Amino acid sequence: MTEGGAQPTGILGGRVTLLQPPRSVYRSGSDAVLLASVLPAGFSGAAVDLGAGTGAVGFCVAARCTGATVLCVDSDEGAITLASAALALEANQGFAGRVATGLGDIEAVPEAWNPPVAPVDAVLFNPPYVRPGHGRISPDEQRQRARTLGEDGLLPWFGAVRRLLKPGGLFGAIAPPAFLGEMLQEGFGGASIYPIQSRSSEPAKRIVVTAFEGRKAGPQIMPALVMHGAGKAFTPVAQSLLRGDICLGEACSIR
């Protein structure tokens, strides 16, 4: 245990170590690795992990994409403190110099964040999945806030994405399929929709969507990524992705 009882947690095949509270409200498993994998290993621009929590998505991007610089930003000071502390861990020194952390609310202009943010090449976000009035209410206020969308749904998130992206820049997001309509926002084109299935016989429980600022092309549905075989083990393709050996586009092209 370190940093106020936080527990070190390894992801991306041990290439990334996070610091998580004992009862973490932040998703740091396969969802984060899947989202980070939308960027190919050769990506060499600036990226923002929006609503970063303790830094899972941003750290995975930096570990996989050795030419990338990443800002992990969140409005939760406790989460950002843990992300900053994790960057000092020996296990993360291979990429820590290319990652910054900052405080910022998605409804504020990036120039008001600490530190301020100039337009970037990619924005990735893993938003809360529970709509107001749905699901169980957690007695833990921080947990409830972290897992519940505001009344305006994903609109504030996309407002932040538009303020952050350069023309032609990419956004990537992961969410349940019920959010697909909101994720196909006007002003973004060339969307690729990746269904994520637990097993080939089951409906997709997640979708990953990527699209580009200002592009005119319509959306396309990509081949599904199947995470598990007949048992609980990950498929060989999913294992390769979760280790960071291949990106999502490569994984979905393997049959």
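Definitions and limits used
Residues numbered from 1 in each chain as written. Predicted model: local features only at pLDDT ≥ 70, side-chain atom pairs only at ≥ 80, totals over all residues. Heavy atoms only, no water. Helix = DSSP H or I, 4+ residues; strand = E, 2+ residues; numbered from the N terminus. Buried < 20%, exposed > 50% of the residue type's maximum accessible area, 1.4 Å probe, protein only. Areas by Shrake-Rupley, 256 points an atom, 1.4 Å probe, with all protein chains shown as cover. Salt bridge = Lys/Arg side-chain N within 4 Å of Asp/Glu carboxyl O. Contact = heavy atoms within 4.5 Å. Core = buried A, V, L, I, M, F, W, Y, C linked by side-chain atoms within 4.5 Å. Disulfide = S-S within 2.5 Å. Polar contact = N/O pair within 3.5 Å; in protein donor to acceptor, adjacent residues only side chain to side chain. Pairing = 2+ DSSP bridges. Right-handed = clockwise from strand over helix to strand, strands pointing away. Phe/Tyr/Trp six-rings, centres within 6.5 Å; stacked < 30°, edge-to-face > 60°.

(A) Highlighting the overall build of the chain. Within the chain one finds 8 helices and 11 strands. Burial analysis of the chain (255 residues in total) assigns 52% to the buried set. For the chain, the computed accessible surface area is about 11500 Å², with 55% contributed by carbon and sulfur atoms.

(B) Just the pattern of salt bridges, in detail. In total, this model carries 3 salt bridges according to the counting rule given. The partner of D31 in a salt bridge is R206, and the shortest N-O contact between them spans 3.0 Å. Taken as a pair, D31 in helix α1 (residues 30–36) and R206 in strand β9 (residues 206–213) lie far apart in primary sequence, 175 residues in all.

(C) Seen up close, the environment of L242. Counting through the fold element by element, L242 comes out in helix α7 (residues 236–242). L242 gets classed as buried once you look at its relative accessible area, which sits at 13%. In this structure the C-alpha to C-alpha distance between L242 and G29, which are 213 residues apart in sequence, comes to 9.3 Å. Excluding residues within four positions of it along the chain, L242 makes contact with L12, G13, S30, V33, M227 and F234.

(D) Looking closely at the nonpolar core. Within the largest apolar cluster, 83 residues are counted, with the highest numbers of intra-cluster contacts made by L50, F59, F171, L225 and L248. Here the element with the most residues in this core is helix α2 (residues 56–64); it accounts for 7 residues. With residues near it in sequence (within four places) discarded, L248 still touches L34, S37, V38, Y194, I196, V208, L225 and L241.

(E) Structural context of the state of the cysteines. Tallied over the entire structure, the rule returns 0 disulfides. No disulfide involves C65; its sulfur sits 8.8 Å from the nearest other cysteine sulfur, which is in C247. Classification of C65 by relative accessible area gives buried; the value is 0%. Distance from the sulfur of C252, which forms no disulfide, to the nearest cysteine sulfur (C247) is 9.0 Å. Taking the relative accessible area as the measure of exposure, C252 reaches 3% and is therefore buried.

(F) Up close: helix α3 (residues 77–87). Residues A79, I80, L82, A83, A85, A86 and L87 constitute the buried set of α3. Two or three places before G78, at the start of α3, stands the capping residue D76, its side-chain oxygen 2.9 Å from that residue's backbone nitrogen.

(G) Quick peek at the pairing of strand β4 (residues 69–74). Among the 6 residues that make up β4, 5 are buried, leaving the element largely enclosed by the rest of the structure. In terms of strand pairing, strand β3 (residues 46–50) meets β4 through 5 bridges, oriented parallel. Of the residues in β4, the one forming a bridge with A47 is V70. Note that the unit made of β3, α2 and β4 has a crossover that is right-handed. By the bridge criterion, 5 bridges tie β4 to strand β5 (residues 99–103) in an arrangement that is parallel. Along β5, the bridge assignment pairs D74 with L103. Regarding topology, α3 serves as the crossover connection from β4 to the parallel β5, and that connection is right-handed.

(H) View of the packing of aromatic side chains. All chains considered together, the criterion is met by 7 aromatic pairs. Plain terms: the ring middles of F158 and F188 are 5.9 Å apart, the flat faces sit at 55 degrees to each other, and that makes the pair tilted. In this pair, F158 is assigned in helix α5 (residues 155–164) and F188 in strand β8 (residues 188–197), connecting sequence segments 30 residues apart. A single burial state applies to F158 and to F188, both of which are buried. Look at F171 and F188: their rings are 5.0 Å apart centre to centre, the planes differ by 80 degrees, and that puts the pair in the edge-to-face class. With F171 in strand β7 (residues 165–175) and F188 in strand β8, the pair connects residues that are 17 residues apart, well separated along the chain.

(I) Here's a closer look at the environment of Q197. In this structure, Q197 sits in strand β8. Counting along the chain gives 10 residues from Q197 to I207, while the straight-line C-alpha distance between them is 8.7 Å. With residues near it in sequence (within four places) discarded, Q197 still touches E202, P203, A204, A224, L225, V226 and M227. A polar contact is formed between the side chain of Q197 and the backbone oxygen of E202, at a distance of 2.8 Å.

(J) The arrangement of the environment of I193 in detail. Structurally, I193 can be placed in strand β8. Given a relative accessible area of 7%, I193 falls into the buried group. Sequence spacing of I193 and P177 is 16 residues, and the spatial spacing of their C-alpha atoms is 9.9 Å. If we skip the residues at most four places from it in the chain, I193 touches L180, L184, I207, V208, V209, P219, Q220, I221 and M222.

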